[in-house]
Amino acid sequence: MSTPLISVVIPVYNKEDYLEKCLDSVVNQTYAALEIILINDGSTDRSPMICKEYADRDSRIRFIDKDNQGVSITRNLGIHSSKGDWLYFLDSDDFLEVDAFEILIKAAKSTNADIVFFDCRRFRPTDVALDRKPIIYKEYTDLKSFLDETNLSPVSAWLNFFRREIVLENKVVFNKNLKHNEDALFVYSLYCHAQKIVVLDEVLHNFVLAPNSVSRKPIEIKVLEDNLLFLSELCRYVRKYDLVDDFKKEINSISRYIFVLSAYFDGFDKHKDDIQRRFRELYSVNKDIFYTRFSKIANININIIIKLLKAKHILKRTNYQS
């Protein structure tokens, strides 16, 4: 039996301080049958030079240099350039455990899974920020049970190991109109098509909390717009494949989080009318998915709700500190 090939797609944009540790964690894997697709997305630092040095030393690395177009277009290029049996996406400021792919391919082959989900460890640049307790091993053939029972946060491509066939057959790509939550939409879309999802009780990915990462920047209107677009697209997708009942609890949980996110947006007062309109439209178009209480809340003056949310947060913080 032939050894399965894993395609590892690594988009790179101005990550010279982290890139070598990332690439070392891939090229030194105990599982060697790798196709490493390294794509420079118009970096202006030393990242392209580092990429080329690694490509010159390791024949498994294919280096692609292109103009800056964003992470979604870059990852999509990686998908279409890949030739492996399995597909994995790694951010260039993160790194893997040395036996990650050996563990993943063993689990995938032994269970005939379409997707293998696993856990992560979070790092500040100098120390461990959070070492999450590994989740319980389980195999799922029922999507609703998987979504209801698994803590998916953060919903990221790098916490999932995909059978490449389900990505290509279902034409799932990263949405180029999203700069936030493009990962989540891609991952949830693939969950819709998986016949079996395996959850590993393993921490295999190390997520570095880089100071200039998108997830650590202040909340701007684009973040809220992208979150609402992501949620709207997810509703459309699950309805298309008749999976509303499977996703209803998950989508309502996401909606609650996004609504609360509005409370921490510095430009809220300037954009509150537009934000309220967007929430009302989202809930009214998707009445079959959202709980009735969300539609009712959306019709209350959002300024009042945000003030209540902020007051609740302050009260909780005061009680915690006392």
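Scroll up for the structure.
About the thresholds
Residues numbered from 1 in each chain as written. Predicted model: local features only at pLDDT ≥ 70, side-chain atom pairs only at ≥ 80, totals over all residues. Heavy atoms only, no water. Axes fitted to C-alpha atoms, helices over the stretch in contact; angles between N-to-C directions. Helix = DSSP H or I, 4+ residues; strand = E, 2+ residues; numbered from the N terminus. Parallel < 35°, antiparallel > 145°, perpendicular 65-115°, else oblique. Left-handed = near helix turned anticlockwise from the far one by under 90°. Contact = heavy atoms within 4.5 Å. Nonpolar A, V, L, I, M, F, W, Y, C, P; charged D, E, K, R; others polar. Salt bridge = Lys/Arg side-chain N within 4 Å of Asp/Glu carboxyl O. Buried < 20%, exposed > 50% of the residue type's maximum accessible area, 1.4 Å probe, protein only. Pairing = 2+ DSSP bridges.

Asks: Any details on the packing of helix H1 (residues 19-27) against helix H2 (residues 47-57)? Residues and values, ideally.
Replies: Running from N to C, H1 and H2 point in directions that differ by 25°, and their axes come no closer than 10 Å. With respect to H2, the element H1 is oriented roughly parallel. Like other packed secondary-structure pairs, H1 and H2 cross with a definite hand, here right-handed. Facing Leu19, Glu20, Leu23 and Asp24 of H1, the residues of H2 in contact are Ser47, Ile50, Cys51 and Tyr54. Residues of the contact of H1 with H2, tallied by class, amount to five nonpolar, one polar and two charged.

Asks: How would you summarise the pattern of salt bridges if you had to cite specific residues and measurements?
Replies: Counting across every chain of the model gives 18 salt bridges. Here Arg60 makes a salt bridge to Asp58, at a shortest N to O gap of 2.9 Å. Linked through salt bridges whose partners overlap, the residues forming this network are Glu225, Asp274, Arg277, Arg278 and Glu281.

Asks: Please provide a residue-by-residue account of unusual backbone geometry, values included.
Replies: Note: most residues except glycine have negative phi, and most peptide bonds are trans. Here the amide bond leading from Ser153 into Pro154 is cis, since omega sits at -5°, within 30 degrees of zero. You can see Pro154 is positioned in the loop between helix H5 (143-149) and strand E9 (160-163). Although it is not a glycine, Asn14 adopts a positive phi angle of roughly 50°. Within the secondary structure, Asn14 is located in the loop between strand E1 (6-12) and H1.

Asks: Requested: an account of the environment of Phe89, with residues and values cited.
Replies: Along the polypeptide, Phe89 turns up in strand E4 (residues 86-89). Along the primary structure Phe89 and Pro11 are separated by 78 residues, whereas in three dimensions their C-alpha atoms are 8.3 Å apart. Filtering out sequence-adjacent residues up to four positions away, Phe89 remains in contact with Val9, Arg75, Ile79, Ala157, Trp158, Phe162, Phe174 and Phe186.

Asks: Lay out the pairing of E4 in plain terms, naming residues and giving numbers.
Replies: Alternating positions in E4 separate into two faces, Trp86 and Tyr88 on one and Leu87 and Phe89 on the other, with burial throughout. Here four bridges tie E1 to E4, and the two strands are oriented parallel to one another. Following the sheet pairing, Val9 is matched in E4 by Phe89. Judged from the two bridges that link them, E4 and E9 form a sheet pairing that is antiparallel. Within E9, the residue paired with Trp86 across the bridge is Arg163.

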